[in-house]
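Structural overview for review
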Amino acid sequence: MKFSTNRAVCIVSAIVAGWPAAASLNAQEVIELPAEDRWLEADFEEVFQIGSLAGREWEQFGSVSRVAFDGAGLLYVFDTQANRIIVVDTGGALAREIGRAGEGPGEFRFATEMVAMEDGMVVVADIGHRAYHLFDPNGDFMRMVRMGGDPSSTTVSSHLAQRGAGALITASGGRTIAFSGMIVSGGETPRPPDPTSRPILRLLLAGEEVVRDTIAEGWLPPTGESETGSTRRLEFSPELYWGVLPDGTVAFSDSSAYDIRIAAAGAGVTRVLTRPLRPEPVTDRFSNAEKGRRLRELEAKPDDELGGSRLIIEGRVHTRDPEEERALARERIESLQFYYEVPVIRGLRAGWNGRIWVQRRGDEPVSDGPVDVLDMAGRYVGSYPTGATRMPDAFGPEGLVAFIEKDEMGVQTVVVKRVPSEVN
């Protein structure tokens, strides 16, 4: 099944794809951005850097999975290996620590995601507790809010704060951070119905259990079929990328075209930003090159990094050895199925000031190219050339950005910079 990316047939494509917003497309403002790149200089000012094996004890990180800023410019560093959040002031000094491993309220069983709200409140998604921990701006535990939903299977994707609302934004069908479930061999395993879209959700935390409502329905690409008859994601399928803007609206990309959609709760998509940059068809050269790349990565991976899949077979736990895992991985790679074109966009984030940063693909399908900077009103600010900068991992007030980096020894650091005024 193929869907056109041409703007002239946008309404037809939306109806074919089953987008709920199709009926209201006439009310959407479509803004055509220029095709020619305007190059920007990546002259970011470094503010401070933290993280060192030889440094202070608090900055000896295990595994930094998330960084975020609050409205005062404080930096929050979530170390999932150490089960703690480090809060750093605007000069790079330790302000406080939040959280620890444990079973009680405010203690983490399997914490996977952290959000710093604008006022300094911190929310931590804990898949072990199946709840969100809420900490006040001083780092003191306040209460827990249950996740709700099916207790036999819990999926956690990226979360961001909805500024001015005390709510979180997440996406069902976006990149999964953690999954809590069980693979069972033998017998019938209940299976939820197949999704029809990739909704972007608002999570309200006022009660004892989270309340969800839908901001927008992202398009769900077609799937292939595996040897067992189950559905299977097609390689190079368009990902769902999204970010939260200062007014609480969401910017997202859900197709292979260069279409950035702006959506608001209760209104759906109200604006579409496009550039005339076209997806490239997937050829045998692309698909064979991708299989070869993955096979080389697999063969270079040490046995201890493969990890064994755990199956429950007739009541007993069976763990595959590395050679089994490697053989199965080879089979999966050789049988990969591919989407019919390579998407233009490989990432999207929203800055504190309403700028939208868009990562375009490079010369190869799985490679990063230029980074575009737009604003939420539809103005093209410019682009950073390939290799000039990567996408920041977090944005803060007054042009602050943070990057999670790793040196040649594998030591993680967090570098805080300030972007120039033309993109701030």
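Refer to the preceding data block for the structure.
Residues numbered from 1 in each chain as written. Predicted model: local features only at pLDDT ≥ 70, side-chain atom pairs only at ≥ 80, totals over all residues. Heavy atoms only, no water.

1. As for the side chain of Glu59
Put simply, the rule reads: Secondary structure follows DSSP: runs of H or I at least 4 residues long count as helices, runs of E at least 2 residues long count as strands, and numbering of each begins at the N terminus. For each residue, the accessible area found with a 1.4 Å probe, counting protein chains only, is set against the maximum for its type, and the residue is called buried under 20%, exposed over 50%, and partly exposed in between. Residues are treated as being in contact if the distance between any of their heavy atoms lies within 4.5 Å.
Note that Glu59 resides in the loop between β2 (45-50) and β3 (64-69). On the basis of relative accessibility, which here comes to 5%, the residue Glu59 falls in the buried class. When residues no more than four places from it in sequence are discounted, the contact partners of Glu59 are Ile50, Gly51 and Ser52.

2. Details of the pattern of salt bridges
Let me state the cut-off plainly: Whenever Lys or Arg places a side-chain nitrogen within 4 Å of a carboxyl oxygen from Asp or Glu, that contact is recorded as a salt bridge.
As enumerated under the stated definition, the model contains 29 salt bridges in all. The salt bridge involving Arg293 is made with Glu290; its shortest N-O contact spans 2.7 Å. In this pair, Arg293 and Glu290 both sit in helix α2 (residues 284-300), 3 residues apart, roughly one turn of the helix. Residue Glu290 is classed as buried on the basis of its relative accessible area of 5%. Between Arg390 and Asp393 there is a salt bridge, with the nearest N and O atoms lying 3.1 Å from each other.

3. Remarks on helix α4 (residues 322-334)
As a reminder, the rule being used: How far a helix is expected to stretch is found by multiplying one less than its residue total by 1.5 Å. Here the arc refers to the set of directions running from the helix axis out to each C-beta atom.
Look at α4: 18 Å from first C-alpha to last across 13 residues, which is about the 18 Å you get at 1.5 Å a residue. Along α4, the positions that sit buried rather than exposed are Glu325, Arg326, Ala329 and Ile333. Burial along α4 is one-sided: seen end-on, the buried residues are contained in an arc of 100°. Summarising the contacts, the buried residues of α4 are in contact with α2 and α3 (303-306).

4. What to know about the sheet that holds β2
Let me state the cut-off plainly: We treat two strands as partners when DSSP finds at least two bridges between them.
With antiparallel pairing, the 4 strands of this open sheet are ordered in space as β2-β34-β33-β32. In the strand order of this sheet, the two ends are held by β2 and β32 (394-395), each with one partner. With 7 bridges connecting them, strand β33 (residues 400-406) and strand β34 (residues 412-418) associate as antiparallel partners. Bridge pairing in β34 links Glu405 to Thr413.

5. Overview of the environment of Asp140
Along the chain, the position of Asp140 falls in the loop between β9 (131-135) and β10 (141-146). Taking C-alpha positions, Asp140 is 7.7 Å from Ile98, a pair spaced 42 residues apart along the chain.

6. Notes on the sheet that holds strand β8 (residues 122-126)
Rules: Lines fitted to C-alpha atoms define the axes here, with helix axes fitted over just the stretch in contact, and angles between the N-to-C directions of these axes take values from 0 to 180 degrees.
Taken together, the 4 strands give an open sheet; going across it, the order is β7-β8-β9-β10, and neighbouring strands pair in antiparallel fashion. The outermost strands of the open sheet, each flanked by one partner alone, are β7 (111-116) and β10. Averaged over all pairs of adjacent strands, the angle between their axes in this sheet comes to 20°, without regard to strand direction. Bridging between β8 and β9 involves 5 bridges; their strand directions are antiparallel. Residue Ala125 lies in a different strand from β9, and its bridge partner there is Tyr132.

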